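# Observations on the three-dimensional arrangement
What follows is each chain in one-letter form.
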Amino acid sequence: MKLPINVVPGDIVNGMRTDSEWVRAALVRFEGPLIRYAARMVGSVEAARDVVQDVFVRLCAADRAQVDGHLAAWLYTVCRNRALDVARKERRMVPLNEAVANQEARGHSASVLAERSDTHLAVLAIVDTLPEQQQEVVRLKFQDALSYKEISEATGLSVSNVGFLLHTAIKTIRRQVATQTDLLDAGDRS
Amino acid sequence: MTLQPDDPRLTAYALGECDEAERAEIEQYLEQNPEARAEVDLVRAVGEQLTEEFRKEPTPALTDLQHKQIEMASARVRRPWTRMLAYAASLLVVLGVGAVYLQLQKPRGETLAMGNIPHSAVPKSAAAVANNKPLRPSNQEAIAKKEAAPASEPVIQQEKLYFSPPPQMKDQAASGDGGVNAPAPEPSLDAQGIRPYRITVPQAESSDASRNTQQDPELKQKQKLYDEAVASKHSAGSPAPAEVKERTDTAASEYDTVTVGGSIQIRGNWRDYPAPGAIDQRGCIMPPPPACPPPVSNTELYATINENSFLTVANEPLSTFSIDVDTASYANVRRFLNQGQLPPADAVRIEELINYFKYDYPQPTGDAPFSVNVEVNACPWNPAHSLARIGLRGKVPPMAERPACNLIFLLDISGSMQAENKLPLLKRSMTMLAETLAPNDRIGIVVYDSIPRVVLEPTPTSNLGTIRCAINSLQSNGSTNGADGLRLAYNVARRTFIEGGINRILVGTDGDFNVGTTDKDELIQMIQQQAKSGVFLSVLGFGMGNLKDANLEGLADKGNGNYAYIDTFNEARRVLLEQAASTIITIAKDVKIQVEFNPGKVGAYRLIGYENRALAAQDFNDDKKDAGEIGAGHTVTALYELVPPGEPVTPNVDALKYQPMCNVEQPAAPPASDSNELMTVKLRYKLPDGDTSTKLEVPVTGVSEGAASADYQFQASVAAFGMLLRDSQYKGTVTFDMVSELAQRGKGNDSDGTRSEFIGLISIAKALKSQR
């Protein structure tokens, strides 16, 4: 089960007085999700690792008092900005085409998963076909367990916008799942 | 507050995002509204399903080096006098953090076997801390709510963190050998005769950090199986025996001992062990390796290209091939380069690169539906050779004479087409096309996902509103049933066939038709038959990652159509608007080229590109053999690299056994004609509704006068670029700088910007190549 986001392990054990413990705890908790998050933007896990390392180095230099309390939002925001910078620079892409570039990063999994959706319900396959913004928000909410507010801070969207995107995404997923179930049932019957 | 069932605030409530006040209001509303209650439940269900599925994804981690660098960065900031405290505190951290973290990582419903490390095994202070430290109440709530773990069981985990040495087992504490854990004294068999499940991993050095074991579903699965086995032997209610679970990093580091299930200890290197999950001969279950990010599985498919080699005129005086107006390879290569990747060599079809651009060949005069333009000049990448360019240009019939069109769009609307660069792009392009056709042209739309259906009967473009509506209504979902879709489209086209007009199906897809191999032959036969009776087929490829380039090109070939790849709206505009005429209107079909070289003037030659269009010499005169089509206004270009007689060239054939080998170093018998001609270019073509071919012959004498034209230089540049991308053995002295220079010289006035774009691609490719 995921930790509630603003409970950094360091808050629990009183041993965490020094900054480096705090950074380490942040690493333990956020390293994986951040790399995953960045990888979708920069296209490869290798590049994502570099981005995330950079994020944590910056965390070391940041004023802890300012970051404490919304660590997740801070990390995700910094990570997102760095990842987009890297992606833009290395792809020489105009922002309009970011969707296309990111598609490539997701393309391999999407195509593999899309094939699977022919045979059984794969919710993740459906997620991969959502518009990019909805995908990002869905993953932040259900994979990384961020709150609306944190997602809003990280992505720069308003909280109500985030809510709307999630609402729409869930609606789409439900509809697709229902369709697929119908088809499967029809297939079974025929 | 007024709420509807379809309200984002309900979703927010379902996901726990509302504050006190809102929650109260919503709950009040829900009491009176069962439909909304059902909605909320469904939303929660989807949310849980998503969380569950997401959890299966592997969690990546930073490398050791990166961890060290972060540590160094934090050390720089850290005040020095805390460093001493840090190490002491780190032990506490290890136990405390690990305890809570792992505790909370447990999925619902499973009980990770955790128990007390025998007190003797743990440094007393650490144990005291961990045991006595109460969890904060709020967190305990959260934990208790989510976990099935008995609250009474204090959990001590030995988890490896990156910067601190792992806690030492009591036995080893004195040995100080860098943290190698010897196993604790063997817990005895419990009452049911099952040994505890324990994995001990010593960490000699900080190895590749992997949080994956904590969330690894496979490992949990195994644990679950074991637990179930244990539980089934227990009477209901009694807790599982106290087991030691030291879950540490199972990555690259060496295992000293592994004790699982049975109590056999195995020493040795992790890599010697059988695959994870397997049960080796001693009956132990191997723990799984850390999960890795999924390999980049690209399911794109390209046909292999066996590059044309130099052929001696003495042995092979005739070169025969079918023309090709496809341009997909260029767009595809462009897509790769713009994403910072070098395209696979097999995706680079040089003839398609050259044919992408517009050239200034003159319009045909006279009866022939196309003009033939040949230019010969020095070969830039091999000074001793010449480069001959043969260019055809199709006639553009005046608008008044253009026959009426019956266009059926056959669109793949399976789930994978939903991306921005696929179906939405396709819809915009089609709307654009609909707006430019004449009022008596007809557009119909057939779609296929799992069930093909007609969305729009062929409707004259005078009813633009209806057409627009139908296009906008297209939504993607479901799987792909292309074969049936194609059959349906052909039926529709037949029904609304325009006699003497243009009847064509335009397929828009991002993959292939997903048909089995037996069906595929049937499909191809159907396409060929339909093409014979006047309904042609063109293919528009979209997206990436699943582009079955080889299949799509094959379908277009058989259907007497062309294959274009559409990656951006500009390209869509180019193919469907600017080139609408050529994409849709065929002015000559089954166009074949045969070149006869004069051995007195040419020693050997190499056709650049057209590898998958080669024809046997006798196919030229065989009207039953299918070949390519030329659309209105299309230009088609082929390049030959020519070697003068006397220049040495080693053909790729074995030395002849029964007669002396004629290579160019010994000129053949005196040429039958002492003509001055270099070669003769012969063409055969059929009119779109004809069945017999007409032949054209164009003799070519010597090097063209004057300097090479701009088009010629640009074409040479593109061919050279293609050879560099494929790393061709025939590239001679080509360099990216040479390509760039030629392109600049050949840029001309570049009215559509494609040549400048190409020049941009050259620098990208050069940078990418130099990185290798």
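Reading guide: rules and limits
Residues numbered from 1 in each chain as written. Chains lettered and ligands numbered in written order. Predicted model: local features only at pLDDT ≥ 70, side-chain atom pairs only at ≥ 80, totals over all residues. Heavy atoms only, no water. Helix = DSSP H or I, 4+ residues; strand = E, 2+ residues; numbered from the N terminus. Buried < 20%, exposed > 50% of the residue type's maximum accessible area, 1.4 Å probe, protein only. Contact = heavy atoms within 4.5 Å. Areas by Shrake-Rupley, 256 points an atom, 1.4 Å probe, with all protein chains shown as cover. pLDDT = per-residue confidence, 0-100. Polar contact = N/O pair within 3.5 Å; in protein donor to acceptor, adjacent residues only side chain to side chain. Phe/Tyr/Trp six-rings, centres within 6.5 Å; stacked < 30°, edge-to-face > 60°. Lys NZ or Arg CZ within 6 Å of the ring centre and 35° of its normal. Expected span 1.5 Å × (residues − 1). Bend = angle between axes of the 7 residues up to and from the residue. Core = buried A, V, L, I, M, F, W, Y, C linked by side-chain atoms within 4.5 Å. Pairing = 2+ DSSP bridges. Right-handed = clockwise from strand over helix to strand, strands pointing away. Axes fitted to C-alpha atoms, helices over the stretch in contact; angles between N-to-C directions. Parallel < 35°, antiparallel > 145°, perpendicular 65-115°, else oblique. Left-handed = near helix turned anticlockwise from the far one by under 90°. Nonpolar A, V, L, I, M, F, W, Y, C, P; charged D, E, K, R; others polar. Salt bridge = Lys/Arg side-chain N within 4 Å of Asp/Glu carboxyl O.

### A few points about the overall build of chain A
When helices and strands are counted, chain A shows ten helices and zero strands. Order of helices (α) and strands (β) in chain A, N terminus to C terminus: α-α-α-α-α-α-α-α-α-α. Sorting the 190 residues of chain A into buried and exposed places 62% on the buried side. Taking as baseline every contact in chain A between residues at least 6 positions apart, the subset at least 24 positions apart corresponds to 63%. Only carbon and sulfur atoms are counted for the fraction: they give 52% of the accessible area of chain A, which is about 7,300 Å².

### Brief notes about helix α8 (residues 132-142) of chain A
Of all eleven residues in α8(A), nine are buried; the element is thus mostly enclosed. Listing the buried residues of α8(A) in full gives A:Gln134, A:Gln135, A:Glu136, A:Val137, A:Val138, A:Arg139, A:Leu140, A:Lys141 and A:Phe142.

### Points about the confidence of the model for chain B
All names here are of chain B. Mean pLDDT over chain B: 71, with 65% of residues reaching 70 or higher. Ranking the elements of chain B by mean pLDDT puts strand β2 (residues 257-259) last, at 37, and helix α20 (residues 710-726) first, at 94. Between residues 107-215, whose pLDDT stays under 50, and residues either more than four places distant or in other chains, the model counts 243 contacts. Predicted confidence for residues 234-297 stays below pLDDT 50, and this span has 158 contacts to residues more than four positions away or in other chains. As scored by the predictor, the complex reaches a pTM of 0.46 and an ipTM of 0.75.

### Some remarks on the side chain of B:Asn503
Residues and elements named next belong to chain B. The topology assignment puts Asn503 in strand β10 (residues 502-509). A relative accessible area of 2% means that Asn503 is categorised as buried. Within the local environment of Asn503, its side chain forms a polar contact with the side chain of Asn406, the two groups lying 3.2 Å apart. At 3.0 Å, the side chain of Asn503 forms a polar contact with the backbone nitrogen of Ile498. For Asn503, the contacting residues outside a window of four places in its chain are Asn406, Thr496, Phe497, Ile498, Gly534, Val535 and Phe536.

### Concerning the packing of aromatic side chains
What the rule picks out here adds up to 17 aromatic pairs over all chains. For the pair B:Phe310 and B:Tyr730, a centre-to-centre distance of 5.7 Å together with 75° between the ring planes defines the contact as edge-to-face. One end of the pair, B:Phe310, is in the loop between β2 and β3 (311-312); the other, B:Tyr730, is in the loop between α20 and α21 (736-745), and 420 residues separate them in sequence. Within the aromatic cluster, the residues linked to one another by ring pairs are B:Tyr330, B:Tyr356, B:Phe357, B:Phe714, B:Phe721, B:Phe736 and B:Phe758. Positioned above the aromatic ring of A:Phe30, the side-chain terminus of A:Arg29 is 5.1 Å from the ring centre.

### Section: helix α2 (residues 19-42) of chain A
All names here are of chain A. Compared with the 34 Å implied by 1.5 Å per residue over 24 residues, the 29 Å span of α2 between its first and last C-alpha is markedly short. Its axis deflected by about 55° at Phe30, α2 carries its strongest bend there, up to four residues before the proline Pro33. Burial of α2 is extensive: 23 of the 24 residues sit out of reach of the surface. Backbone geometry just downstream of α2 places Gly43 in the positive-phi region, at approximately 100°.

### Focus: the nonpolar core
Core analysis: the biggest nonpolar cluster contains 72 residues, and A:Phe30, A:Phe56, A:Leu59, A:Leu75, A:Val138, A:Ile173 and B:Leu50 have the highest contact counts within it. For this core, the leading source of residues is α2(A), giving twelve residues. Here A:Ile173 is in contact with A:Val123, A:Ile126, A:Val127, A:Leu130, B:Val46 and B:Leu50, once residues within four sequence places are set aside. In terms of nonpolar packing, the next biggest core, distinct from the first, is built from 67 residues, B:Ile413, B:Leu576, B:Val602 and B:Tyr605 among them.

### Details of the environment of B:Ile305
Residues and elements named next belong to chain B. Take Ile305: it is sitting in the loop between β2 and β3. Classification of Ile305 by relative accessible area gives buried; the value is 12%. For the pair Ile305 and Tyr610, spaced 305 residues apart in sequence, the C-alpha to C-alpha distance is 9.4 Å. Discounting chain neighbours no more than four positions away, the residues touching Ile305 are Ala345, Asp346, Val348, Arg349, Glu611 and Arg726.

### Examining the pairing of strand β7 (residues 405-412) of chain B
Residues and elements named next belong to chain B. Of all the eight residues making up β7, eight are buried; the element is thus mostly covered by neighbouring parts of the structure. Residues of β7 alternate between two faces, with Cys405, Leu407, Phe409 and Leu411 on one and Asn406, Ile408, Leu410 and Asp412 on the opposite face, all of them buried. Bridge analysis of β7 against β10 gives seven bridges, and the strand direction is parallel. Its bridge partner lying in β10, Ile408 is registered against Ile505. Handedness of the β-α-β unit built from β7, helix α13 (residues 423-436) and strand β8 (residues 442-448) comes out right-handed.

### Focus: the sheet that holds strand β14 (residues 604-608) of chain B
All names here are of chain B. Across the sheet, five strands lie side by side as β3-β14-β16-β6-β5; this open sheet has antiparallel pairing. Since the sheet does not close on itself, it has two edges, and those belong to β3 and β5 (370-378), each with one partner. Sheet analysis places β5 next to strand β6 (residues 386-394), joined by nine bridges and oriented antiparallel. Among the inter-strand pairings, Ala378 is bridged to a residue of β6, identified as Ser386. Along the sheet face, α20 touches β5, β6, β14 and β16 (635-643) and points at about 110° away from the line of β6.

### Some details on the sheet that holds strand β11 (residues 535-542) of chain B
Backbone-to-backbone hydrogen bonds join strands into a sheet, with any given pair of strands oriented parallel or antiparallel. Residues and elements named next belong to chain B. Strand order in the open sheet made by the six strands is β9-β8-β7-β10-β11-β12, with mixed pairing throughout. Taken across any chain shown, the strands that pair with only one partner, and hence form the sheet edges, are β9 (452-460) and β12 (563-566). Direction aside, the axes of adjacent strands within the sheet are offset by 20° on average. Two strands pair when backbone bridges link them, and β8 and β9 are joined in this way by six bridges, in the antiparallel orientation. From the neighbouring strand, Val447 faces β9, where its bridge partner is Arg453. Docked against the sheet, helix α15 (residues 482-495) engages β7, β8, β9, β10 and β11, running at close to 25° with respect to β9.

### Brief notes about the packing of helix α11 (residues 328-338) of chain B against helix α22 (residues 754-771) of chain B
Residues and elements named next belong to chain B. Running from N to C, α11 and α22 point in directions that differ by 50°, and their axes come no closer than 10 Å. The angle between α11 and α22 places the two elements in the oblique class. Our pair here, α11 against α22, has a crossing hand that is left-handed. Along its contact with α11, which presents Tyr330, Arg334, Leu337 and Asn338, the element α22 presents Thr754, Glu757, Phe758, Leu761, Ile764, Ala765 and Leu768. Here the contact of α11 with α22 is composed, by residue class, of seven nonpolar, two polar and two charged.

### What to know about the pattern of salt bridges
Residue and element names in this part refer to chain B. Overall, the coordinates contain 30 salt bridges over all chains when judged by the stated rule. Close ionic contact of Arg55 with Glu52 constitutes a salt bridge, the shortest N to O distance being 3.0 Å. Placement of the pair is Arg55 and Glu52 together in helix α3 (residues 34-55), with a separation of three residues, close to one helical turn. Taking relative accessible area as the criterion, Arg55 reaches 17% and is therefore assigned buried. Take Glu52: its relative accessible area is 37%, and that puts it in the partly exposed class. The salt bridge involving Arg613 is made with Asp326; its shortest N-O contact spans 3.2 Å. Of this pair, Arg613 sits in the loop between β14 and β15 (628-631) while Asp326 sits in the loop between β4 (318-322) and α11, and the two are 287 residues apart along the sequence. The burial state of Arg613 is the same as that of Asp326; both residues are buried. One continuous salt-bridge network, built from bridges that share partners, spans Asp324, Asp326, Asp557 and Arg613.

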